[in-house]
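# Tertiary structure, described
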Amino acid sequence: MEIVNSENLYYPDRKFAEDANVTGYSPEMDYQMFWEKEAGKLHWFKKWNEGRPLSGDAPFFKWFENGKINASFNCIDRHLDGWKRNKAALIFEGEPGDRQVMTYHDLYREVTRFSNVLKKMGIKKGDVVTIYLPMIPEAVIAMLACSRIGAPHSVVFGGFSSNALADRINDSNSKLVVTVDGYWRRGKVIPAKTNVDKAVDSCECVENLLVVKRTGHHIFMEQDRDHWYHELMDWASIGCEPEPMNAEDILFLLYTSGTTGKPKGIVHSTGGYLTGTATTHRNVFDIKDTDVYWCTADIGWITGHSYIVYGPLLNGSTILIYEGSPDYPEKDRFWEIIESYGVTVLYTAPTAIRLFMKWGKEYVEKHDISSLRLLGTVGEPINPDVWRWYHETVGHGRCPIVDTWWQTETGSIMISPLPGVTPTKPGSATIPLPGIIADIVDENGVSVSKGGHGYLVVKNPWPSMLRGIHGDMERYVDVYWSEFDNMYFTGDGAVRDEHGYFWITGRVDDVINIAGHRIGSAEVESAVIGSEMVVEAAAVDISDDIKGQALTIFAVLKESVEASSEVEQILMESVMSDIGKFAKPEKIYFIRDLPKTRSGKIMRRVLRDIAEGREPGDLSTLVDRAAVDELLREQQLVKTAG
Ligand code: WTA
C-alpha cells in the first residue's frame, strides 16, 4: 500500500470551509453528550431518560432508553409543515430513460397508502417483511411503510440468487415478500419474480407476495398468494398513524457475510440508528437544502439503507435513484444523469471509479458536471491514483473527497474527513468522526504507535451500532467483542501514519470484498462442496485492477472426479446459484491437497501467492509441500505455454 507523505495533503477550499456545516472538531466534548445533543435534533414522541443516553451492560448497549420515535415520521411528516412539503424528495431515472419526481408530500401519500396495504396483508408491529426490489421508488416506499407500522424490513439485494434469498426469508421468518415482475439491466429484462417463485417454494413462512409492475412482461401469479402492488394501492387510503416505537425496537435486519457459511442478520435499532445516520449524513456530506444528492449504491446494501434512504430523508434532502447500468446505452450514463439533474453530491464506490478510469475521461468530459461540489467513496480502500483521478477528472480539482470507512454493523460512517475541516490524503479515510473513538491495536489490544500496523477497533459504544445478530446473540459476542477486552473488533487491518491518519488495509478475517460486495469465503466454499464433486475447498481473494479483489477457488476433487474445464464450469455455476452472479469466481484451481499448518488451518496466504504468480514465502509451518509444489509446477507450465 502506498502511504502518501505529508506534502501531498489536500486542504479544504476556504470558501467551502466558510460555508461548511461543521467548522471544527471539539474534542473536549464527551461522546455521550455529543450523541445526546444530536438525538435531540430528531422528533421524539417521548424523550429518553435525559442525561442518560447510554445504558445496558456491555456489549448489549442501549441508547436513548424509554424514548419513543418513528423513522418514517422523521423522514417524511416532519418536513410537511413548511416549504419542504413540495420539495423533491426523490428523483427516479429508469434505465430506459423514464423519469419520476416525488415531493415529500407525494412520498407521504405513497408511504401511508402502502402502510395500509401492509396492514391489510396482516402485517403487525414486529413482523419482518422481506423486500426484494431493484432500484425503483417502491423500494424506498416499502422500507418507510414498514418502519411506519413498526415492521422491521429485511431488504435482500436483487443480485442474490433464489437460494440465497430463500435462506434469508427463512432465517427472518417473513410472511410477506415485496418484489417486482422484473427490471431493466443493459436493455434487458431481469426476471426477478421467477427468482422469488423459486425461493418461496422452500419458504413455508411466506403467505403473500406483493408484486410491483415495472417491466410489464408476462409473469406467473399464484392465485391467493400473489398480489399486484398497484391494485392494492388503488384501493388503499391515504394517511396512517405512525407507530411510536421504543428507541431500542428493531428498525431492520440486514444480512451480511461473516466468517462462517451462514450469513448474519445484523440487527439495527430505531432511535440510535436514526441519530447516527442523520448526523453523519449532515456532517460528512455537508448537506444543504439545495443539494441534489446521489448515492449510487444499491438499496440492498447498508450504504443504500443509511445514505439513500434514512440519512438523507431525515435531513429533508433530494435523493436520486437510478435503476440501471452505468454503461447503458453508453459509458457516459452517470455523467449524463449528473448534468441532467444538476447533481451536487456524488457518493460512489472505488470499484466504479476504477471502471470509469478504464473507460476514459472522454466520457466524463462530454458533459457539464460543474454542479458537483462534493464527492464521496465507500466500500473498500481507494488507491491513491484512483483518488487523484476522481479529484481531477470528476471533481475538477475543487470538490472535497470524503473517503468514508464504515460497515453494515456500524450502521453509519465512523472514519472520514469532515469536508471543510480535515485535510485529506489520497487513500486514507483520515480520522474518526466526532463521537467515535476508533483505534489501531496490536494482538494484545495495545495501541500501535505512529507508523504501526494493527487491527482496527472502536473503543466506545455509538448509537447506530448493531444490536446483535438475529437469533444468535452468542455469535454477536463472539465475533465482535471477544477478540479484545471492551473493544468492538471490526475485522479490518489498518496502519496509522505520522499524522495519526488511519489507512484501512482490508479484512483480516475470512471475509472477501469483491467490488465492494462482502462475501464470506466459507459461503463460497460450502457452495463448491455442495456440488458433491469436491472434498475440500478454499476461497481466497486475489488483487484485481477493477474489482479491487477477485475470487479464486482452490478445490480438492473427489477421486472419482476428473479435473476439467466442464467441472470448473459446474463449480462456478454452483457458486452463482448459491450466492448470486456477482460472486462468480475468476478462476478455480484443482489441487491434490490444501496447504495446511500443523494445527489444520488452511494457509490462504500460500494460495494467494500462487494465484498471484508469486513464489510463496515462508513455508516452514506447512505440513506437506508436495501438493503446493505440484501446483506451482503447473502454474509454471501454463505461464510457459502462454
Ligand atoms: C470495507 C460497507 C477501506 C472494510 C459500508 C469494511 C472500506 C467493509 C471502506 C464493510 C473504506 C468500507 N476504506 N475499506 N472507506 N469502507 N470498507 O459491511 O473492509 O458492506 O470492513 O459496509 O468494507 O463492508 P459492508
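## Regarding the pattern of salt bridges
- Summed over the entire model, instances satisfying the criterion amount to 43 salt bridges.
- Close ionic contact of Glu38 with Arg282 constitutes a salt bridge, the shortest N to O distance being 3.1 Å. Residue Glu38 is located in helix H2 (residues 31–39), and its partner Arg282 is located in helix H9 (residues 271–284); the two are separated by 244 residues in the primary sequence. Of the two residues, Glu38 and Arg282, both sit in the buried class.
- The residue Arg333 makes a salt bridge to Glu93 at a minimum N-O spacing of 2.8 Å. Of this pair, Arg333 sits in helix H11 (residues 333–341) while Glu93 is found in strand E4 (residues 88–93), placing the two residues 240 residues apart along the sequence.
- For Arg333, a relative accessible area of 3% gives the class buried.
- The class of Glu93 is buried, set by a relative accessible area of 4%.
- Within this structure, Lys193, Asp197, Glu222, Arg225 and Asp226 form a network of salt bridges that share partners.

## Some points on the nonpolar core
- With 158 residues, the main nonpolar core has Phe114, Leu144, Phe285, Tyr310 and Leu313 as its most contacted residues.
- Of the residues forming this core, the biggest block, 9 residues, is contributed by helix H5 (residues 137–149).
- Counting only domains with at least three residues in this core, you end up with domain 1 (6–488) and domain 2 (511–635).
- Non-local contacts of Leu144, meaning those with residues more than four positions away in its chain, are made with Ser72, Cys75, Ile76, Leu107, Val111, Val309, Tyr310 and Leu313.
- Judged by nonpolar contacts, the second largest core, of 28 residues, contains Phe334, Phe356, Ile382 and Cys399.

## Digging into the side chain of Asp403
- Tracing the backbone shows Asp403 in strand E20 (residues 401–404).
- No salt bridge is formed by the buried Asp403, whose closest oppositely charged neighbour, Arg354, lies at an N-O distance of 10 Å.
- Excluding anything up to four places from it in sequence, Asp403 contacts Thr377, Ile382, Ile415, Ser416, Pro417, Gly427, Ser428 and Ala429.

## As for the sheet that holds strand E12 (residues 226–228)
- Pairing within the open sheet is mixed, and its 8 strands lie in the order E12-E11-E8-E6-E7-E14-E15-E23. Each end of this open sheet is capped by a strand with a single partner; those strands are E12 and strand E23 (468–469).
- Sheet topology note: the strand E11 (residues 208–212)/E12 ladder contains 3 bridges and is parallel. Each residue of the ladder has a partner; that of Val211, found in E12, is Trp228.
- Along the sheet, helix H6 (residues 162–172) makes contact with strand E6 (129–131), strand E8 (176–180) and strand E14 (250–256), crossing E14 at roughly 145°.

## A look at the side chain of Asn74
- With respect to the helices and strands, Asn74 occurs in helix H3 (residues 71–75).
- On the basis of relative accessibility, which here comes to 0%, the residue Asn74 falls in the buried class.
- Among the polar contacts made by the side chain of Asn74, one reaches the main-chain carbonyl oxygen of Asn70 at a distance of 3.0 Å.
- Among residues more than four places away in sequence, those in contact with Asn74 are Leu42, His43, Ile69, His79, Leu313 and Leu314.

## Quick look at the pairing of strand E5 (residues 99–103)
- Where E4 lies against E5, 5 bridges are found, and the strand directions are antiparallel. Residue pairing in the sheet places Leu90 in a bridge with Met102 of E5.
- The hairpin turn running from E4 into E5, its antiparallel successor, is 5 residues long, and Gly97 in that turn takes a positive phi close to 110°.

## A closer look at the environment of Tyr307
- Along the chain, Tyr307 falls in helix H10 (residues 302–314).
- The class for Tyr307 is buried, based on a relative accessible area of 0%.
- In this structure the C-alpha to C-alpha distance between Tyr307 and Thr280, which are 27 residues apart in sequence, comes to 9.3 Å.
- Residues in contact with Tyr307, not counting those within four places in the same chain, are Thr277, Thr280, His281, Phe285, Tyr293, Cys295, Ile302, Pro312, Tyr347, Trp406, Ser412 and Ile413.

## Quick notes on the domain arrangement of the protein
- Considered domain by domain, the protein is made up of domain 1 (6–488) and domain 2 (511–635).
- Distance between the C-alpha centres of domain 1 and domain 2: 32 Å.
- Contacts between the two partners involve 24 residues from domain 1 and, on the opposite side, 21 residues from domain 2.
- Counting each side, the surface lost to burial between domain 1 and domain 2 is near 1,600 Å², with a carbon and sulfur contribution of 49%.
- Linking domain 1 with domain 2 are 1 salt bridge, by the criterion used here.
- Residues Arg518 and Glu409 are paired through a salt bridge, measuring 3.0 Å at the closest nitrogen-oxygen approach.

## Structural notes on unusual backbone geometry
- Here the residue pair Ala58 and Pro59 is connected by a cis peptide bond, since its omega of -5° sits within 30 degrees of zero.
- Considering the arrangement of structural elements, one finds Pro59 in the loop between strand E1 (54–55) and strand E2 (62–63).
- Of note, Glu532 is a non-glycine position whose phi angle comes to about 70°, a positive value.
- Mapping Glu532 onto the fold places it in the loop between helix H16 (521–529) and strand E28 (534–544).
- Judged by relative accessible area, which is 61%, Glu532 ranks as exposed.

## A short note on the site of the ligand
- Looking at the ligand, there are 17 residues lining it, with Asp403, Thr404, Thr408, Asp492 and Arg518 nearest.
- Between the ligand and the protein, one listed contact pairs a nitrogen atom with a backbone N or O atom of Pro381 at 3.5 Å.
- Between an oxygen atom of the ligand and a side-chain N or O atom of Arg518, the distance comes to 2.8 Å.
- Residue assignment for the shell around the ligand shows that the elements contributing at least two residues are H10, E20 and strand E25 (502–507).
- Considered class by class, the residues forming the shell around the ligand number 6 nonpolar, 6 polar and 5 charged.

## A closer look at the environment of Lys68
- Turning to its location among the elements, Lys68 is positioned in strand E3 (residues 68–69).
- In the structure, Lys68 is positioned 203 residues away from Gly271 in sequence and 7.9 Å away in space, judged by C-alpha atoms.
- Not counting the four nearest positions on each side in its chain, Lys68 is found in contact with Trp44, Phe45, Lys46, Pro244, Met245 and Asn246.

Criteria and thresholds
Residues numbered from 1 in each chain as written. Predicted model: local features only at pLDDT ≥ 70, side-chain atom pairs only at ≥ 80, totals over all residues. Heavy atoms only, no water. Salt bridge = Lys/Arg side-chain N within 4 Å of Asp/Glu carboxyl O. Helix = DSSP H or I, 4+ residues; strand = E, 2+ residues; numbered from the N terminus. Buried < 20%, exposed > 50% of the residue type's maximum accessible area, 1.4 Å probe, protein only. Core = buried A, V, L, I, M, F, W, Y, C linked by side-chain atoms within 4.5 Å. Domains from an automatic or database assignment. Contact = heavy atoms within 4.5 Å. Lys, Arg positive; Asp, Glu negative; His and termini not counted. Pairing = 2+ DSSP bridges. Axes fitted to C-alpha atoms, helices over the stretch in contact; angles between N-to-C directions. Polar contact = N/O pair within 3.5 Å; in protein donor to acceptor, adjacent residues only side chain to side chain. Buried area = accessible area lost by both parts, 1.4 Å probe. Near = heavy atom within 4 Å. Nonpolar A, V, L, I, M, F, W, Y, C, P; charged D, E, K, R; others polar.

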